[in-house]
Structure formats: structure tokens, C-alpha cells
Amino acid sequence: MSNPDELLVAISAAVESERSNQMSLTVVVGGAVITGRLAPEAVWRERVAEVLKDSDRLGPFSDVFARGPRGNQPGGGEAPTHLHFHLARILQGSLGIPESGGMYRVAIKDVSAWTVGDLSYFDQ
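Summarised in this report is the structure supplied together with it. (Residues numbered from 1 in each chain as written. Predicted model: local features only at pLDDT ≥ 70, side-chain atom pairs only at ≥ 80, totals over all residues. Heavy atoms only, no water.)

### Here we look at the nonpolar core
Consideration 1: Among the nonpolar cores identified, the biggest contains 15 residues, and Leu 25, Val 27, Leu 38, Leu 83, Phe 85, Val 106 and Val 111 are the most heavily contacted of them.
Consideration 2: Of all elements in the fold, only helix H1 (6-18), strand S1 (24-29), strand S2 (32-38) and strand S3 (82-92) reach the threshold of two or more residues within this core.
Consideration 3: Among the elements that take part in this core, H1 stands out by supplying four residues, more than any other.
Consideration 4: Among residues more than four places away in sequence, those in contact with Val 106 are Val 29, Ile 34, Thr 81, His 82, Leu 83, Phe 85 and Val 111. (Core = buried A, V, L, I, M, F, W, Y, C linked by side-chain atoms within 4.5 Å. Buried < 20%, exposed > 50% of the residue type's maximum accessible area, 1.4 Å probe, protein only. Helix = DSSP H or I, 4+ residues; strand = E, 2+ residues; numbered from the N terminus. Contact = heavy atoms within 4.5 Å.)

Have a look at this one:
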């Protein structure tokens, strides 16, 4: 979307202000379907930093995420520009990649469709 969906921005702002990670959302971005739960940006950054810190090769990058956002602090009055997913999967056929869920950052302006809820596939 060239103009971010106001409702999606409001959902993201509510996640940021409530510091909640219980909002499930599914979005379409560039043809990919991503489904999972939203997290406040600070919580998302903290978790990514923890994962990177434990890696021998990627450990030095953990500081980039641990520093936090510049100029876009919660409560700062600026509308969120990104969705921060955790426990998220890219849906491909009957598979969710990664199976255990991953951490994704999606620009709200790039979301072409969305729905509330976490989609799951089950073989029957």
C-alpha cells in the first residue's frame, strides 16, 4: 500500500502502548503470507538481540538490535511504521516456515492485505 492502512497503524500503536504480544495477525507482503503474533518493537529487538548474542558468528550484531529505535520511542507521538512479528511463519502450501516460528519486521506501507488471527495449516 502506498499509504499505510490507518486501521493497521492503530493496531500496531495499540500493541506498542499496551506492551502486549497477544495480538495475532496475518498479512500479505509482496505475495508472501506471514502469520504470527505482534510484539512491541522494544520487546522484539530485545529478543532478536538475545538470539544473536548466543551465536558465534552473529554475536557482534546483537548490539544493533539492543540499542533500540532512534527517535521512535513508544509514547513519542509518532505513528508506528513497522509490524514486529514473533512466533511467525511464512505460509507456503501446507507448511509454515520456520516450523517453530521466527522474528519478522514488516513495513506497514508494504502490506497489501491482512486479517486478524494466526492462520495455521493442518494435514487432514
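### Focus on the pairing of strand S4 (residues 95-107)
Consideration 1: Of the strand pairs in this sheet, S3 and S4 are connected by eight bridges, and their pairing is antiparallel. Note on S4: the bridge partner recorded for His 82 is Ala 107.
Consideration 2: Two successive antiparallel strands, S3 and S4, enclose a turn made up of two residues, where Gly 93 displays a positive phi of approximately 65 degrees. (Pairing = 2+ DSSP bridges.)

### Brief notes about the side chain of Ser 12
Consideration 1: Looking at the element boundaries, Ser 12 is found in helix H1.
Consideration 2: For Ser 12, a relative accessible area of 4% gives the class buried.
Consideration 3: Polar contacts involving the side chain of Ser 12 include one to the main-chain carbonyl oxygen of His 82, which spans 3.5 Å.
Consideration 4: Leave out the neighbours within four places in its chain, and Ser 12 touches Pro 80, His 82, Leu 83 and Ile 108. (Polar contact = N/O pair within 3.5 Å; in protein donor to acceptor, adjacent residues only side chain to side chain.)

### Brief notes about H1
Consideration 1: Its 13 residues place the ends of H1 18 Å apart at the C-alpha level, agreeing with the 18 Å of an ideal helix rising 1.5 Å per residue.
Consideration 2: All of the buried residues along H1 are Leu 8, Val 9, Ile 11, Ser 12, Val 15 and Glu 16. Summarising the axial view, the buried residues of H1 lie within an arc of 160 degrees, below the 170-degree limit, and thus occupy one face. Along H1, the residues that are exposed and aim more than 90 degrees away from the buried face are Glu 6, Leu 7, Ser 17 and Glu 18.
Consideration 3: Those residues of H1 that are buried are in contact with S1, S2, helix H2 (41-53), S3 and strand S5 (111-116).
Consideration 4: N-capping of H1 is provided by Asp 5, with a side-chain oxygen placed 2.8 Å from the backbone N of Leu 7.
Consideration 5: Backbone geometry just downstream of H1 places Arg 19 in the positive-phi region, at approximately 55 degrees. (Expected span 1.5 Å × (residues − 1). Arc of directions from axis to C-beta.)

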